[in-house]
Amino acid sequence: MLKLPVYLDNNSTTQVDPRVFEAMTPYFLEVYGNAASKSHSFGWAGEEAVDYARCQIAGLIGANEKEIIFTSGATESNNLAIKGVFEMYSSKGNHMITLTTEHKAILDTCKHLEKSGAEISYLSVAEDGLISLKTLEAAIKPSTILISIMFGNNELGVVQPIAEIGAMCKKHGVLFHSDATQAVGKIPVDVLADGIDLMSFTAHKMYGPKGVGALYVRRKNPRVKVTAQMDGGGHERGMRSGTLNVPGIVGFGKACEIARLEMADEYLRLKKMRDRLEAALLSIEESYLNGSNEHRLPHTSNISFKYVEGEGLMMGVKDIAVSSGSACTSASLEPSYVLKSLGLDDELAHSSLRFGLGRFTTEEEIDFTIKTVKEAVFKLREMSPLWEMFKEGIDLKSIQWSEH
Amino acid sequence: MAYSEKVIDHYTNPRNIGTLDKSQKSVGTGLVGAPECGDVMRLQIMVNEETGIIQDAKFKTFGCGSAIASSSLATEWLKGKSINEALTIDNMDIVEELALPPVKIHCSVLAEDAIRSAINDYRSKNGLEPLVSEKTHH
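Model, not experiment: these values are computed from the prediction.

Visitor: Explain the layout of surface pockets to me, please; I cannot follow it from the model alone.
Guide: Any space left empty among the atoms is revealed by the rolling of a water-sized probe across them. All names here are of chain A. For the largest pocket, the calculated volume is near 530 Å³. If you go around the largest pocket, you meet 26 residues; those closest to its centre are Asp197, Arg218, Lys220, Asn221 and Pro222. Listed by contribution, the elements that provide at least two residues to the lining of the largest pocket are strand 5 (144–148) and helix 7 (162–172). Ranked by residues supplied to the lining of the largest pocket, first place goes to helix 7 with three residues.

Rendered as structure tokens:
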């Protein structure tokens, strides 16, 4: 039975896997000790649970368990990585490189550091959302201390050439941070093979609970350190103070273990469903895929339906939870900066929908989505003056539009 | 964001979608907004030359649900009104009728602009001066 509404916004957050939920439950009412309490069995049990989860998490990304620093989520991890490196390595330089398509947790952190004397290069990506390695290498200077590049993009699903970037960073002696929030648990991520020195990720994008994330910080070749951004008890090797969220961490660990064991099958299953959805929607006239087709996460599809406005379209598909690049609801009326970074016209950016499939998405839900989106696009085009002009062969660029 | 029932009704069952023959003298066309802003409204009126009454009104809109509802409502209100009566339609009447939230007020402004623009087009086609008293909302 198809249950409405259909959830296709898994890049925003995911349902907790029942197995994760089950693993977490004892840590609320029974094993509630503070993992930092060294003097009694409650504390020891908490610490044991955290250590076990650390191994599960490290195992998914090819790290050592001592290299996992727990945080409240990817936003905090990104802040800690960038601000922490800037402060720790200020004697080496003040220059950092990132992309215009990064998440706001990276971009706004960089903007913040600019006020403290950081010099940031925000590099543009190509039409397909990928960074050119040549452009990146050309941006490296003697004062460059960090390159921060997202693994998989949240809006487009585009996957950057991480291993090549990692090798380049090593060659130039620059630290490499990757915001891997969307990638970990979905595609193979290996901090050693990918040459990553610091990596942010979070539990709730991979069927774990909200409010717990991690920053991977390399301990060998090179040994990386970040300056703590909160003062306190000196937890997590002095890099992140604060009582550990034991139930959350246990859930995060379980989510990573499930992902490690099931990723290969899940990748194929999601990709097959995503490709079917995408092929059906791209068969609609004047619909376009945004971002690289080839280098992409298996579960994400970002499509612009030209001559239809995204928010109006979302209203027409109200039984499907998706997100749009249109920002009609925001005060700025600015469409997605990520889509604009690809060189898309504002008009196409306004016309986009992002579909994010997940572990619990069914074939039946995909059938429903195809049918519903098609009907809504056709209906809205029937009432779109732009569609009528397009059909009459009028070049929309030739019209003097009144700005408002 | 939750839409009001009236917005949902106009979005689901839009009144008067369509196109009038803009080459006719009796038809006035207003095209306002811009694709890159995410809203374009085209509103058309057909005026009975003997009575001066708007006997038909049609719209097509590219935009969010509130923009579609504002233009749909505008066509409903225009029919049967004289040009002078049509000019009294205020964007705040639309806001009130559709219970638009503050972030959607611009949709009603656009609908009012579209009405004025259609009337001006009709006037200039019929040798009358366009109205200069455009309201400034924004």
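Visitor: Please explain the packing of aromatic side chains as it appears in this structure.
Guide: The geometry of two aromatic rings is summed up by the distance between their centres and the angle between their planes. All names here are of chain A. Per the stated rule, a full pass over the model turns up seven aromatic pairs over all chains. One aromatic cluster is present, formed by Phe70, Phe201 and Phe252 through successive ring pairs. The aromatic ring of Tyr337 is capped on one face by Lys104, whose charged end is 4.4 Å from the ring centroid.

Visitor: Just checking my understanding: could you explain the packing of helix 4 (residues 74–88) of chain A against helix 5 (residues 104–114) of chain A for this structure?
Guide: Packed helices, taken two at a time, are described by their axes: the angle between them and the distance between them. Residues and elements named next belong to chain A. The geometry of helix 4 relative to helix 5 is characterised by a closest axis approach of 9 Å and an angle of 30 degrees between their N-to-C directions. Put simply, helix 4 runs roughly parallel to helix 5. Once helix 4 is placed against helix 5, the crossing between them reads as right-handed. Each of Thr75, Asn78, Asn79, Ile82, Lys83 and Phe86 in helix 4 lies in contact with helix 5, whose residues at this interface are Ala105, Ile106, Thr109, Cys110, His112 and Leu113.

Visitor: Please clarify how helix 1 (residues 5–12) of chain B should be interpreted in this entry.
Guide: Residues that lie three or four places apart on an α-helix share one face, since the helix turns once every 3.6 residues. Turning to helix 1 of chain B, its buried residues number three or more, namely Val7, His10 and Tyr11 of chain B. On an axial view of helix 1 of chain B, the arc spanned by its buried residues comes to 100 degrees, and they lie on one face. Next to the buried residues of helix 1 of chain B lie helix 9 (310–316) and helix 12 (363–382) of chain A together with helix 2 (65–78) and helix 4 (91–98) of chain B.

Visitor: Explanation requested: the sheet that holds strand 1 (residues 27–34) of chain B in the structure shown.
Guide: Sheet strands line up and pair through hydrogen bonds in the backbone, either parallel or antiparallel. All names here are of chain B. The sheet built from three strands is open, its strands ordered 1-2-3 with antiparallel pairing. On the outer flanks of this sheet lie strand 1 and strand 3 (54–62), each paired with one strand and no other. Shown here is a sheet whose adjacent strand axes are inclined to one another by a mean of 10 degrees, direction ignored. Both strand 2 (residues 39–47) and strand 3 contribute to a ladder of eight bridges, which runs antiparallel. Each residue of the ladder has a partner; that of Gln44, found in strand 3, is Lys58. Packing against the sheet, helix 5 (residues 105–125) makes contact with strand 1 and strand 2, and its axis sits at approximately 145 degrees to strand 1.

Visitor: Where do I start with the sheet that holds strand 10 (residues 300–305) of chain A in this structure?
Guide: Residue and element names in this part refer to chain A. Within the open sheet, the four strands sit side by side as 9-10-13-12. Their pairing is antiparallel. Because the sheet does not close on itself, it has two edges, and the strands there are strand 9 (287–289) and strand 12 (323–324). Strands strand 9, strand 10 and strand 13 (352–356) of the sheet are contacted by helix 8 (residues 246–282), whose axis makes an angle of about 5 degrees with strand 10.

Visitor: Please clarify how the confidence of the model for chain B should be interpreted in this entry.
Guide: Low pLDDT means the predicted atomic positions in that stretch should not be read closely. In the predicted model, chain B carries a mean pLDDT of 92, and 94% of its residues have values of at least 70. Two summary scores accompany this predicted model of the complex, namely pTM at 0.91 and ipTM at 0.91.

Visitor: Where do I start with the pairing of strand 3 of chain B in this structure?
Guide: Look at any regular strand and the pattern is simple: side chains alternate between the two faces of the sheet. Within strand 3 of chain B, seven of the nine residues are buried, leaving the element largely enclosed by the surrounding structure. What sits between strand 2 of chain B and strand 3 of chain B in their antiparallel hairpin is a turn of six residues, with Gly52 of chain B showing a positive phi close to 75 degrees.

Visitor: Help me out: how do you make sense of the nonpolar core in this one?
Guide: As a rule of thumb, soluble globular proteins bury nonpolar side chains together. Grouped together as the largest cluster of nonpolar side chains are 62 residues, with contacts concentrated most on Ile61, Ile147, Met199, Phe201 and Phe252 of chain A. Discounting chain neighbours no more than four positions away, the residues touching Phe201 of chain A are Ile57, Ile61, Ile68, Ala74, Ser77, Ala180, Thr181, Val184, Gly213, Ala214, Tyr216 and Phe252 of chain A. By size, the runner-up hydrophobic cluster in this structure holds 61 residues, among which are Tyr11, Ile68, Leu78 and Ile83 of chain B.

Visitor: Can you walk me through helix 5 of chain B in this structure?
Guide: All names here are of chain B. Between its first and last C-alpha atoms helix 5 spans 31 Å; for 21 residues at 1.5 Å apiece the expected length is 30 Å, and the two agree. For helix 5, the tally of buried residues reaches 16 of 21 residues, placing the bulk of the element in the interior. A positive backbone phi angle near 70 degrees is found at Gly127, which sits one or two residues after helix 5.

What counts as what
Residues numbered from 1 in each chain as written. Chains lettered and ligands numbered in written order. Predicted model: local features only at pLDDT ≥ 70, side-chain atom pairs only at ≥ 80, totals over all residues. Heavy atoms only, no water. 1 Å grid on protein atoms, 1.4 Å probe; cavity = no way out; pocket = protein on both sides within 12 Å on 5 of 7 lines; lining within 4 Å. Points joined across faces, edges and corners; volume = space filled by probe spheres on them. Helix = DSSP H or I, 4+ residues; strand = E, 2+ residues; numbered from the N terminus. Phe/Tyr/Trp six-rings, centres within 6.5 Å; stacked < 30°, edge-to-face > 60°. Lys NZ or Arg CZ within 6 Å of the ring centre and 35° of its normal. Axes fitted to C-alpha atoms, helices over the stretch in contact; angles between N-to-C directions. Parallel < 35°, antiparallel > 145°, perpendicular 65-115°, else oblique. Left-handed = near helix turned anticlockwise from the far one by under 90°. Contact = heavy atoms within 4.5 Å. Buried < 20%, exposed > 50% of the residue type's maximum accessible area, 1.4 Å probe, protein only. Arc of directions from axis to C-beta. Pairing = 2+ DSSP bridges. pLDDT = per-residue confidence, 0-100. Core = buried A, V, L, I, M, F, W, Y, C linked by side-chain atoms within 4.5 Å. Expected span 1.5 Å × (residues − 1).

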